[in-house]
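Breakdown of the fold
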Amino acid sequence: ALVENYPGFTNIDGPTLASNIFEQVNNLSINYKSGEVKEIIDNIDYKQIVLENEIIRAKTIIIATGRQPRELGLNNEKTLTGRGISWCAICDGYFFKDKEVAVVGGGDSAFEETLFLSSICKKVYLIHRRDTFKASNYLQTKVKSLDNVEFILNSNIKEIKEDNSKLSGIILENSLQETKELNVSGLFIYIGSVPATDNFKKLNILNEQGYILVDKNYETNIKGIYACGDVIDKSLYQLTTAVGDASTAAYNIKKYYFS
Ligand code: NAP
């Protein structure tokens, strides 16, 4: 998606901005490793970062794991990902050229992706659990004007049908508990996001929604563990605030490290 609110760029696409930042960090010769952090263990003076096959020791850590897409919670949602279910219309939309697909959600993401898919697919069903939307009026007006978009409101996806380990349709249930089957080839899920903090639950640094609580220095209630960006509890989730959070966290780590 296009980023249109980052200072210095009228607009820039997200992946380009990310790779520019990566290049900038690489120019500073900072070591990096790829891998999933399974757990962080606090040993007061130092922390252990547990990866699949390795444990890294550090005096301080910044957690910046961001958010991940919210799931519908249906049992075959994970296994059908890449087999009819997609979380990224721009990446996967062309697999569904001239086919019928469904988008679920009522926010800006669902509307923006519906707009994109409608230019490739034969038909797009936009499914939403209510009859009013969080999406901006601008996007609503644009999507409502499209001939190949059909709205299905006050409805939830009850079941994802599969055939030969591929999505073959979806079953919807409306507020009157009436069910209806749609024989779509693809399902795009855009129902918001949740903080990526499942592996940090044991640390006791999360609020009820799973966001990390930090103080004004971006430090958690554990000395030496900091967090920034979309993963923390705050009032404005934007790239600009994430970058600001990170600067303040890094500045305070430097003070802590040399104290
Ligand atoms: P969002 O605004 O949180 O919308 C999520 C939508 O999914 C809501 O309509 C919600 O329904 C629905 N939903 C949540 N859980 C559900 C469930 N379990 N089953 C069915 N539906 C469910 O998320 P978003 O659209 O990803 O947007 C996130 C943020 O990014 C927003 O601030 C948005 O403005 C911003 N954004 C902006 C742009 C742009 O400016 N072009 C583009 C994309 C995103 P309810 O309405 O009933 O709660």
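Provided above is the structure to which this section pertains.
These numbers come from a predicted model, not from an experiment.

1. Focus: the pattern of salt bridges
A side chain of one charge can pair with a side chain of the opposite charge if their charged atoms are brought near each other. Scanning the model with the defined rule gives 12 salt bridges in all. Close ionic contact of glutamate 36 with lysine 38 constitutes a salt bridge, the shortest N to O distance being 3.2 Å. Using a relative accessible area of 48% as the deciding quantity, one classes glutamate 36 as partly exposed. The shortest N-O distance in the salt bridge between lysine 47 and aspartate 42 comes to 2.7 Å.

2. What about a nonpolar patch on the surface?
Together, Ile21, Val25, Leu28 and Ile30 line one region of the surface with nonpolar side chains, adding up to about 340 Å² of accessible area. Here isoleucine 21 shows up in helix α1 (residues 14-26).

3. Observations regarding the sheet that holds strand β13 (residues 166-174)
Ordered by their spatial adjacency, three strands build an open sheet running β12-β13-β14, and the pairing between neighbours is antiparallel. Here the strands that pair on one side only, and so sit at the sheet edges, are β12 (155-163) and β14 (179-182). For this sheet, the mean inter-axis angle between neighbouring strands, taken without regard to orientation, is 25°. Note: β13 against β14, four bridges, orientation antiparallel. Directly across from isoleucine 171, in β14, lies its bridge partner glutamate 181.

The rules we used
- Residues numbered from 1 in each chain as written.
- Predicted model: local features only at pLDDT ≥ 70, side-chain atom pairs only at ≥ 80, totals over all residues.
- Heavy atoms only, no water.
- Salt bridge = Lys/Arg side-chain N within 4 Å of Asp/Glu carboxyl O.
- Buried < 20%, exposed > 50% of the residue type's maximum accessible area, 1.4 Å probe, protein only.
- Patch = residues over 30% accessible without salt bridge, like charges linked within 9 Å, V, L, I, M, F, W, Y side chains within 5 Å.
- Areas by Shrake-Rupley, 256 points an atom, 1.4 Å probe, with all protein chains shown as cover.
- Helix = DSSP H or I, 4+ residues; strand = E, 2+ residues; numbered from the N terminus.
- Pairing = 2+ DSSP bridges.
- Axes fitted to C-alpha atoms, helices over the stretch in contact; angles between N-to-C directions.

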